[in-house]
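# Structural overview
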Amino acid sequence: MEAPPVTVMPVTGGTINMMEYLLQGSVLDQALESLLHRLRGLCDNMEPETFTDHELVYLLKGQQGNPFILRARRSLSHPKAPWHLRYLGQPEVGDKSRHALVRNCVDVAASHSLPDFLNEMGFRMDHEFVANGHIFRKGAMKIVVSKLSRILVPGNTENTERLSLSYLVELSVLAPAGQDTVSEDMRSFAEQLKPLVHLEKIDPSKQRH
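Our subject in this report is the structure included herewith. (Residues numbered from 1 in each chain as written. Predicted model: local features only at pLDDT ≥ 70, side-chain atom pairs only at ≥ 80, totals over all residues. Heavy atoms only, no water.)

With that settled, consider the overall build of the chain. A count of helices and strands for the chain gives three helices and 10 strands. Helices (α) and strands (β) of the chain occur, in sequence order from the N terminus, as β-β-α-β-β-β-β-α-β-β-β-β-α. Considering the chain as a whole, with its 209 residues, one finds that 39% of them fall into the buried category. Look at the contacts in the chain between residues 6 or more apart in sequence, and 69% of them connect residues 24 or more apart. By element, 52% of the accessible surface of the chain is carried by carbon and sulfur atoms, the whole surface being about 12200 Å². (Helix = DSSP H or I, 4+ residues; strand = E, 2+ residues; numbered from the N terminus. Buried < 20%, exposed > 50% of the residue type's maximum accessible area, 1.4 Å probe, protein only. Contact = heavy atoms within 4.5 Å. Areas by Shrake-Rupley, 256 points an atom, 1.4 Å probe, with all protein chains shown as cover.)

The following block contains the structure:
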């Protein structure tokens with residue numbers, strides 16, 4: 001059986017191949033409103049964008065080494081919107097004085113047949129989850145505050161269970177390689193969020209899925 005057709009195109013208004021600069025932290029549920037209030041005062045958009053997304057993580061295991069990982073995400077709030085296919089490279093181990101984690105990021109929009117296409121290509125879904133929350137913007141910086149929930153019945157996004165009593169907070173910037181000054185801007189912004197949340201340079205490869 002041939003793989004179903006899948007359209008892949010660049011995300012509107014962005015460059016496909018960029019570097020992602022990232023800081024992460026978490027905030028307990030009871031501190032959420034205080035953090036959102038602080039972000040409204042600091043960011044360009046006083047009222048954040050809200051989202052509810054379903055993400056599937058696919059693996060392609062090779063003969064040796066780590067599996068190749070792709071992330072497919074769709075909006076549950078806007079079912080007709082394109083899917084997004086994302087590849088995140090290994091964190092760079094270069095300059096230790098960098099204030100943010102840096103990794104290659106490829107993000108493209110795709111048609112709704114993306115999961116079938118990935119399965120036909122030999123990828124297998126490893127896990128899936130639902131993320132919902134708020135998106136703030138400050139210049140080139142994006143601040144995402146999200147609650148993650150595990151899916152109890154595969155494919156059923158209505159049947160979920162919250163993973164923790166906290167919200168994940170991510171501060172990120174997409175920029176061409178070599179723009180390390182953005183990490184200094186991110187550090188300065190992160191300082192303004194203390195003590196509500198402590199954003200740190202965390203290596204995702206050392207985190208459990």
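This part takes up the nonpolar core. Among the nonpolar cores identified, the biggest contains 28 residues, and Tyr21, Leu39, Leu171 and Phe189 are the most heavily contacted of them. Those residues in contact with Leu171 that sit more than four places away from it in its chain are Tyr21, Leu22, Leu23, Met141, Lys142, Ile143, Met186, Phe189, Ala190 and Leu199. In this structure, Ala72, Leu85, Ala110 and Leu114 belong to the second largest nonpolar core, which totals 11 residues. (Core = buried A, V, L, I, M, F, W, Y, C linked by side-chain atoms within 4.5 Å.)

This part covers the pattern of salt bridges. Side chains carrying opposite charge are able to pair once their charged atoms draw close together. All chains considered together, the criterion is met by 12 salt bridges. Residue Arg40 is joined to Glu47 by a salt bridge in which the shortest nitrogen-to-oxygen separation is 3.6 Å. You can call Arg40 partly exposed: its relative accessible area is 24%. A salt bridge links Asp107 to Arg86, with the nearest nitrogen and oxygen atoms 3.6 Å apart. Taken together, the residues Asp107 in strand S6 (residues 101-110) and Arg86 in strand S5 (residues 83-88) connect sequence positions 21 residues apart. (Salt bridge = Lys/Arg side-chain N within 4 Å of Asp/Glu carboxyl O.)

So, on to the pairing of strand S10 (residues 166-175). Most of S10 sits out of view: seven of its 10 residues are buried. As defined by bridge partners, strand S8 (residues 141-151) adjoins S10 across five bridges and the pair is classed as antiparallel. When the sheet's bridge partners are listed, Val145 is paired in S10 with Val169. (Pairing = 2+ DSSP bridges.)

Take the environment of Arg137 next. Structurally, the position occupied by Arg137 is in strand S7 (residues 124-138). Along the chain, Arg137 and Met46 lie 91 residues apart, while their C-alpha atoms are 9.3 Å from each other. In this view, Arg137 contacts Cys43, Asp44, Asn45, Glu49 and Lys142; residues no more than four positions away in its chain are not counted.

With respect to the helices and strands, the residue Ser172 is situated in strand S10. Aside from chain neighbours lying at most four places away, what touches Ser172 is Glu20, Tyr21, Leu22, Ala140, Met141, Lys142 and Met186.

This next bit is on unusual backbone geometry. A cis geometry characterises the amide bond from Lys194 onward to Pro195, with omega recorded as 0°. In this structure, Pro195 sits in the segment after helix H3 (181-191).

Pairs of aromatic rings are described using the distance from one ring centre to the other and the angle between the two planes. Counted by the stated rule, this structure contains two aromatic pairs. Seen from their ring centres, Phe68 and Tyr87 are 5.3 Å apart, and the 15° between their planes marks the pair as stacked. One end of the pair, Phe68, is in strand S4 (residues 68-75); the other, Tyr87, is in strand S5, with 19 residues separating them in the sequence. Using a relative accessible area of 39% as the deciding quantity, one classes Phe68 as partly exposed. Under the relative-accessibility criterion, Tyr87 is labelled partly exposed at 26%. Members of the aromatic cluster, joined through ring pairs, are Phe68, Tyr87 and Phe123. A cation sits over an aromatic face here: Lys147 above Tyr167, 4.6 Å from the ring centre. (Phe/Tyr/Trp six-rings, centres within 6.5 Å; stacked < 30°, edge-to-face > 60°. Lys NZ or Arg CZ within 6 Å of the ring centre and 35° of its normal.)

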